[in-house]
Amino acid sequence: MRHLLKAGAEYFAAVFAAGFCMGTVRTIGIAPRVGELSAVAAEIPLMLLFAWIACKFIRGRYPQLNTARSALAVGGFAFVLLLIAEALLSIGLTGLSLGQHAALYQELPVQIGLLGQVLFALLPFLQARANAKAAVHAPGKTGSQL
C-alpha cells in the first residue's frame, strides 16, 4: 500500500508542478488574448501529454502498478491530492472561500479543466491496461512467459 501512495504522490507532484507553470502562463499570457475557454481547451491536451509521460516514468519506477486495481488507486490518490492542492491554491492566492471555490465548477472552463483532471487520474489505469494487452499479444510469448 505504501508504494501506491508514494507513486500517487510522485505522479501528482510532477503533473501539479507542470500544471502550475502552464496555468500561470495560461492565466497571465494566453487567456487575456483568446479568452479563458480557448486557453483551457488549448492547455488540456498539453497537460495530458505531460501527464502521460510522467505516468509512464513513474510506472517504470513502480512495477507493482501493472494491475488495474493498483493503477486506479494511484490515479485516484493523485486526483484527490490535485483537488486538495487546487482548492488550497484558490483559497490562498485569491482569498476565495471553499464555497466560492466550489462554485467555480459551474463555469465551463473549470468543468473542462476538471474533465482533464479526471483523465489524468485514469492514465495509470489506461497505461496498465495497454501494457497488459501488449503483453498478451507479444509475438513468441506464451502464457507462462507473461
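Residues numbered from 1 in each chain as written. Predicted model: local features only at pLDDT ≥ 70, side-chain atom pairs only at ≥ 80, totals over all residues. Heavy atoms only, no water.

A.B. asks: Would you explain the overall build of the chain in this entry?
C.D. replies: Per the secondary structure count, the chain includes 5 helices and 0 strands. What you see in the chain, going N to C, is helices and strands ordered as α-α-α-α-α. Viewed in the frame of its principal axes, the chain has a C-alpha envelope of about 55 × 30 × 25 Å. In the chain, once contacts between residues fewer than 6 apart in sequence are set aside, the share between residues at least 24 apart is 77%. Carbon and sulfur atoms form 72% of the exposed surface of the chain, whose accessible area is close to 8700 Å². Averaging the coordinates of the 11 positive side-chain charges in the chain and doing the same for the 5 negative ones gives two points 19 Å apart. (Helix = DSSP H or I, 4+ residues; strand = E, 2+ residues; numbered from the N terminus. Contact = heavy atoms within 4.5 Å. Areas by Shrake-Rupley, 256 points an atom, 1.4 Å probe, with all protein chains shown as cover. Lys, Arg positive; Asp, Glu negative; His and termini not counted. Charge placed at Lys NZ, Arg CZ, Asp CG, Glu CD.)

A.B. asks: Would you mind going over the confidence of the model for the chain with me for this structure?
C.D. replies: The predicted coordinates of low-pLDDT regions are not to be read in fine detail. Here the chain averages 90 in pLDDT, while 91% of its residues score no lower than 70. Low pLDDT, under 50, characterises residues 142-146; the predicted model gives this stretch 4 contacts beyond four residues in sequence or across chains. (pLDDT = per-residue confidence, 0-100.)

A.B. asks: Would you mind going over the packing of helix 1 (residues 2-34) against helix 2 (residues 36-61) with me for this structure?
C.D. replies: Helix-helix packing is described using two parameters, namely the angle between the two axes and the distance between the axes. Running from N to C, helix 1 and helix 2 point in directions that differ by 160°, and their axes come no closer than 9 Å. Judged by the inter-axis angle, helix 1 sits roughly antiparallel to helix 2. You can see that helix 1 and helix 2 cross each other, and the crossing is right-handed. Tallied by class, residues from the contact of helix 1 with helix 2 come to 18 nonpolar, 3 polar and 5 charged. (Axes fitted to C-alpha atoms, helices over the stretch in contact; angles between N-to-C directions. Parallel < 35°, antiparallel > 145°, perpendicular 65-115°, else oblique. Left-handed = near helix turned anticlockwise from the far one by under 90°. Nonpolar A, V, L, I, M, F, W, Y, C, P; charged D, E, K, R; others polar.)

A.B. asks: Explain the layout of surface pockets here, please?
C.D. replies: Which parts of space are left empty comes out when a probe the size of a water molecule is rolled across the atoms. By volume, the largest pocket is sized at about 1000 Å³. Along its surface, the largest pocket is lined by 34 residues, and G19, G23, R26, T27 and E86 are the ones closest to its centre. Counting residues per element, the ones that place at least two in the lining of the largest pocket are helix 1, helix 2, helix 3 (68-94) and helix 5 (108-136). Broken down by element, the lining of the largest pocket gets its largest block of residues, 9 residues, from helix 1. Of the residues in the lining of the largest pocket, the class split is 19 nonpolar, 10 polar and 5 charged. (1 Å grid on protein atoms, 1.4 Å probe; cavity = no way out; pocket = protein on both sides within 12 Å on 5 of 7 lines; lining within 4 Å. Points joined across faces, edges and corners; volume = space filled by probe spheres on them.)

A.B. asks: Help me understand the nonpolar core, please; the structure alone is not making it clear to me.
C.D. replies: A general trend in soluble globular proteins is that nonpolar side chains are found buried together. Of all hydrophobic cores here, the largest spans 19 residues; its most connected members are A7, Y11, V15, A51, I58, L65 and F120. Contributions of two or more residues to this core are made by helix 1, helix 2, helix 3 and helix 5. At 6 residues, helix 1 tops the list of elements feeding residues into this core. A7 has contacts with I58, Y62, L65 and V74, leaving out every residue within four places of it along the chain. (Core = buried A, V, L, I, M, F, W, Y, C linked by side-chain atoms within 4.5 Å. Buried < 20%, exposed > 50% of the residue type's maximum accessible area, 1.4 Å probe, protein only.)

A.B. asks: What is the right way to read the packing of aromatic side chains from this model?
C.D. replies: For any two aromatic rings, the description comes down to two numbers: the centre-to-centre distance and the angle of the planes. This structure, assessed with the given rule, holds 3 aromatic pairs. Note on Y11 and F120: the rings are 4.5 Å apart at their centroids and 20° apart in plane angle, and the pair reads as stacked. Here the residue Y11 occupies a position in helix 1, and F120 occupies one in helix 5, the gap between them amounting to 109 residues. For F120, a relative accessible area of 3% puts it in the buried group. Grouped by ring-pair contacts, the aromatic residues F12, F16 and F20 constitute a single cluster. (Phe/Tyr/Trp six-rings, centres within 6.5 Å; stacked < 30°, edge-to-face > 60°.)

A.B. asks: Teacher, can you tell me more about the environment of A128 here?
C.D. replies: Along the polypeptide, A128 turns up in helix 5. Sequence-wise, A128 and F20 are 108 residues apart; in three dimensions their C-alpha atoms are separated by 27 Å. Apart from residues lying up to four places away in sequence, A128 is in contact with R59, L65, N66, T67 and A71.

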